[in-house]
Amino acid sequence: MAAHPDDTYFFEDGSVVLLAGETLFKVHYTRLIELSPAFKHLVETISAQVDGEPALIVEGVSAAQLKSFLWAIYASPEDVEDFFESSNSVEMCMRLVNIAAVAQQYACTRRAAWALRKLHAAWGALKDPVPAYLVQGLLSVHTTQTIPLPAHIHQILLRDIELGRPGVIGGIIYSGPRSAPRDLLGAAYYSALLLGSNGWEESLALSSEHHNVLYRGYHNVAEHWRGMEGFPPPLAHACAYDEEQRCDRAWRRAWTLCVASDTVRDPERATADILGRLSAARTAVQAACNGRVTIAGQEVEVEIKGRMKEKCVERAQEAVERAIEFVKSQLCNFFLPTARGEAVVVSPILSELTASSSRTAASSRTMSAFASGRTGRVARAMLVPR
């Protein structure tokens, strides 16, 4: 085995040799067992020989991770303080991730908690570009329910995804569903989708497997938008029961004009940008509430206020907001299978949106159609007023 001693943590008076990768560390047994009983058990299982000397192979830990962990053991308080004051934020966070990873693996609870507290405090100081390997490391030490990803870091990652920072997007995608929260993973895949296939390779260096996920997501997003074009976000009616059908017809007519408007059909918008289209539809609905939308450069009158109660008009706008938030919450399901092993396409999402929205028989028939998987022209035909 071509192993070499570490230039810092190979003490002549050390009592145990650790092997991580191809690097040897000779450290003091008493220092290790002070941290966790797990090390005592580990040392008792020494079976490898390196240059005729017994050595313990530290499984699942890289030389860089172990060196960071040993630094946390051996460095003086002054050295630790100097490091945090003088190091750049990426280097600091990576060292803390390494310490937390080894400490978690060997049940060094207090050391892991210390590293994570420092990491959480330092993450907000990170500047672009944040490398993908650091994001992967961050998520890997927050994979258990006992150590959830803090809310402020979660929000920072969402913000960085929205800003299109490739290190964050790529790091989350490579972390996969085992490490990354599904909302972050869905947002990352969606941002990658909008970059186009050239960006998948040039900016994110994604694998062919990730490409397949993105192609599947593109298909599902496109199917979902086609379903929404003929199926407006359902209303929670404020009108009387016998006025709901009239209200629904007016809302469907207005929605049809809104999704056909120049605001929604902007040629500069990516085909797969469903959130962009929904946001544009929200703007178009606001214009429709004022009586007009623009289609192919021509203003078209929309009779919505005269045909719907004022409160229902307000709820129509709220319905679009709910649709946007729901799609955001379901982004991951467009790309990756759910826990039941099926990718979510149009019908489950629209069924969920419809579930509590309308008491009319027409709405019930529509919901049943989508729940059973009938979409497209069949669903649109069912929505034609009788």
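Residues numbered from 1 in each chain as written. Predicted model: local features only at pLDDT ≥ 70, side-chain atom pairs only at ≥ 80, totals over all residues. Heavy atoms only, no water.

Describing the confidence of the model for the protein chain
Model confidence for the protein chain is summarised by a mean pLDDT of 84, while 85% of its residues fall at 70 or above. Every residue in residues 343–386 scores below 50 in pLDDT, and together they form 75 contacts with partners more than four places removed in sequence or on other chains. (pLDDT = per-residue confidence, 0-100. Contact = heavy atoms within 4.5 Å.)

Some points on the pairing of strand β6 (residues 292–295)
Remark: a regular strand shows side chains that alternate across the two faces of the sheet. As defined by bridge partners, β6 adjoins strand β7 (residues 298–301) across 4 bridges and the pair is classed as antiparallel. Its bridge partner lying in β7, V293 is registered against V300. In this structure, the hairpin formed by β6 and β7 is closed by a connection of 2 residues, where A296 is found at a positive phi of approximately 55°. (Pairing = 2+ DSSP bridges. Helix = DSSP H or I, 4+ residues; strand = E, 2+ residues; numbered from the N terminus.)

A short note on helix α11 (residues 208–229)
Over its 22 residues, α11 extends 32 Å from the first C-alpha to the last, a length consistent with the 32 Å expected when each residue adds 1.5 Å. Within α11, burial applies to H210, H211, V213, L214, G217, N220, V221, A222, H224, W225, G227 and M228. (Expected span 1.5 Å × (residues − 1). Buried < 20%, exposed > 50% of the residue type's maximum accessible area, 1.4 Å probe, protein only.)

Here we look at the environment of S87
Within the secondary structure, S87 is located in the loop between α4 (77–86) and α5 (89–105). The buried category is assigned to S87, whose relative accessible area is 15%.

With respect to the packing of helix α10 (residues 182–202) against α11
Their axes nearest at 10 Å, the elements α10 and α11 cross at an angle of 125°. Between α10 and α11, the interaxial angle falls into the category oblique. Taken as a pair, α10 and α11 cross one another with a handedness that is left-handed. Where α10 abuts α11, its residues Y189, A192, L193, S197, W200 and E201 lie against H210, H211, V213, L214, Y215, Y218 and V221. (Axes fitted to C-alpha atoms, helices over the stretch in contact; angles between N-to-C directions. Parallel < 35°, antiparallel > 145°, perpendicular 65-115°, else oblique. Left-handed = near helix turned anticlockwise from the far one by under 90°.)

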